[in-house]
Each structure stands twice: as C-alpha cells, then as structure tokens.
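Topology and contacts: notes
Below, each chain spelled out in residue letters.
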Amino acid sequence: MAMLWKFMRVAKYSKTALSPKVKIRGIPTHSRHSSSKSVPSDFAASAPCSNTVELLGKAYPQDDYTNVTEKILSKVGKNLHNKKHHPLWLIKEQVKDHFYKQYVGRRGTPLFSVYDGLSPVVTVQQNFDNLLIPQNHASRRKEDNYYLNRDHMLRGHTSAHQWDLIHSGLDAFLAVGDVYRRDTIDNTHYPVFHQMEGVRLFSCHELFSNIKGGEGLQLFEQGHRTAHKQECHTMEAVRLVEFNLKQVLTKLMTHIFGDGLQVRWVDCYFPFTHPSFEMEINFQGEWMEVLGCGVMEQQLVNS
C-alpha cells in the first residue's frame, strides 16, 4: 500500500544559463541516498533537422505528433534545481534536509532516497499509461504537451518516473526535476517549471505495528470502492495512511514556511491516487495550492 505526494509549480522558470554538464547513463537505483548528478547535457539539444529531433545525445524521428520547439529544446539540460544556490536548489535542499533528519531507517540511514538527475525525456507509456491515465484523457493532448514523436515526449510531471523507481525495488523516495507543459506565459505560468514528489510504500507491519491491537488489522479486503477508499483497501489502512500522509506534509510545510501556518485540505481527483487531496496554505490572505497527494492506486503498485 502506498501514498504519493507532489509539490506543484513551486517557482517560475529562471532564464539563468548554466554551463554544459557531462553525460550520465541510466537511472541510479543502487543507492538509498541522494543522487545529485545532472541530466545529460553537452548543450543538451539542437533544433529539429533531417526529420529528427536531436536531444541529450539521441535522435528521435519526427512524425505527426512532433511539436517541441527550438526554444523549449534550449531549456533542456539547464538543471536549475541542481545549480548550487539557485532558489530551486535551495528549496530542494531544504526539503531533503527535512526528510533526512525526520525519517531514518532501521540502520540509521535516511529512509527516503532522492533522485534529481533523471532524464526529462520519457516515453508516452511512462508519462501516461503506467499511471493509469486513460487513452482519451485530456492531459494527453498535443495542445498540452511537448512531444518528440508519438512514443517520446518531455515529461509533463515527475510522476513519469514512479513506475520505474518502484519497479527497481524502492519503497520510499523523492523525485525532483524540470517538467514541460504547453502553458500560456503569465505571472504564474511558464512552459518549463519544476516539481518534487515523494512516494512511500507500507507493509502491514509498518502501518499497524504501533497501533494497540494492530496485529489483527489488515491492509487488504475484497470490498467496494467508495468516495473514501479503494475496493481492495480496508478502511483502517486507508485512515492510517491518510493520517500519516497529511501529518508528514503538514510538518514539511511548517518547516518551509514557519510556525503558525494555516493549512486546509481539499478533496480532488487524480487518475493514479484515491482518495486524493490538495493542500492549500493561507498566503497574504488568500488560499494557495501547494501540492497534490493521495493513496496510490493499488493497481499501479501491483503492476
């Protein structure tokens, strides 16, 4: 059983240029600690030519879905979240420091590993299919995404890496990266922005071990889906996961913004979590959404 949270658009994209980075290959899965290598860059991208898009050292054949622009390609590989002392780096490090200190495994090492160097080029399957997003879902539209071709795209969210990280054997991790959506530019929107998200999977023992009489409780049942739970989860398990999830995130927001923070939770919908929530904080007299979260769909975990 798993919970998921995702910090939404944390900052507008800065146009600060970075020097080229060295290439890395693959997804780091061998470490329980932070992976701070940059996305491969060597100037990262070039404009489409010869019916291909050249990006991160690979050539992607163009087709009727190709809509990525030269301007957007020039942003790939800047890795502002890994540039020391950049505002995005400062936020990331603050969150990492909080999780490293607050959540420690049995061997005294950080419970959560951090992945901030994953390639922003993903497959359509990673970005949508693995997350149970229906074929006809509006989020798949060409008008909303940057496609290299029918099979590859610039990630629209850091959730595109969830399936691979879980499949590699991780049960608690944070993923950070630049994401790309075809937004109209205004004072709160830019086509390139950043997200940070976390996932934690619970075993029956981890969830119920500190509950009096918890030895008789179970994670799963053959029940019915309601507004409050999935059909395969027991109500006791959902309530504990939801409580843990909201407690973890409230502590984190208090760590970032300070004591006295006003928080409220709003029920919402995401294709890959149920129940799902958005957290809003009171900022200068107005409620501002800062993240979305929920109990991960068990079908996604089982897959």
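Calculation criteria
- Residues numbered from 1 in each chain as written.
- Predicted model: local features only at pLDDT ≥ 70, side-chain atom pairs only at ≥ 80, totals over all residues.
- Heavy atoms only, no water.
- Salt bridge = Lys/Arg side-chain N within 4 Å of Asp/Glu carboxyl O.
- Helix = DSSP H or I, 4+ residues; strand = E, 2+ residues; numbered from the N terminus.
- Buried < 20%, exposed > 50% of the residue type's maximum accessible area, 1.4 Å probe, protein only.
- Expected span 1.5 Å × (residues − 1).
- Core = buried A, V, L, I, M, F, W, Y, C linked by side-chain atoms within 4.5 Å.
- Domains from an automatic or database assignment.
- Contact = heavy atoms within 4.5 Å.
- pLDDT = per-residue confidence, 0-100.
- Pairing = 2+ DSSP bridges.
- Disulfide = S-S within 2.5 Å.

**Describing the pattern of salt bridges**
This model, assessed by the stated rule, comprises 13 salt bridges. A salt bridge links Glu 231 to Arg 225; the nearest nitrogen and oxygen atoms lie 2.9 Å apart. Lys 246 is the salt-bridge partner of Glu 242, the closest N and O atoms lying 2.9 Å from each other. Highlighted residues: Glu 242 and Lys 246, both in helix H6 (residues 235-257), separated by four residues, approximately one helical turn. Of the residues examined, Lys 246 reaches a relative accessible area of 18% and is grouped as buried.

**Looking at helix H2 (residues 87-102)**
Residues separated by three or four positions in an α-helix point in the same direction, a consequence of the helix having 3.6 residues per turn. Between its terminal C-alpha atoms H2 stretches 23 Å, which fits the 22 Å expected from 16 residues at 1.5 Å a residue. Buried within H2 are the following residues: Leu 88, Trp 89, Lys 92, Val 95, Lys 96, His 98 and Phe 99.

**So, the nonpolar core**
Within the largest apolar cluster, 32 residues are counted, with the highest numbers of intra-cluster contacts made by Trp 5, Phe 99, Phe 112 and Leu 174. Broken down by element, this core gets its largest block of residues, eight residues, from H6. Looking at which domains feed residues into this core, each of domain 1 (53-201) and domain 2 (210-302) supplies at least three. Those residues in contact with Trp 5 that lie beyond four places of it in its chain are Phe 99, Phe 112, Leu 174, Met 196, Glu 197, Gly 198, Val 199, Leu 245, Leu 249, Gly 292 and Cys 293. Membership of the second largest hydrophobic core comes to 24 residues, among which are Tyr 115, Tyr 147, Ile 166 and Leu 300.

**Section: the confidence of the model for the protein chain**
Looking at the protein chain as a whole, the pLDDT averages 87, with 85% of positions reaching at least 70. Of the regions scoring below 50 in pLDDT, residues 9-48 engages in 114 contacts with residues more than four places distant in sequence or in other chains.

**Focus: the pairing of strand S8 (residues 192-201)**
Among the ten residues in S8, ten count as buried, and that is most of the element. Burial along S8 is two-sided: the residues Val 192, His 194, Met 196, Gly 198 and Arg 200 and Phe 193, Gln 195, Glu 197, Val 199 and Leu 201 are all buried. As paired strands, strand S7 (residues 172-180) and S8 are joined by nine bridges and run antiparallel to one another. The residue bridging Val 176 from the neighbouring strand is Met 196, located in S8.

**What about the state of the cysteines?**
Applying the stated criterion across every chain yields a total of zero disulfides. You can see Cys 268 has no disulfide; the closest cysteine sulfur is in Cys 293, sitting 7.3 Å from it.

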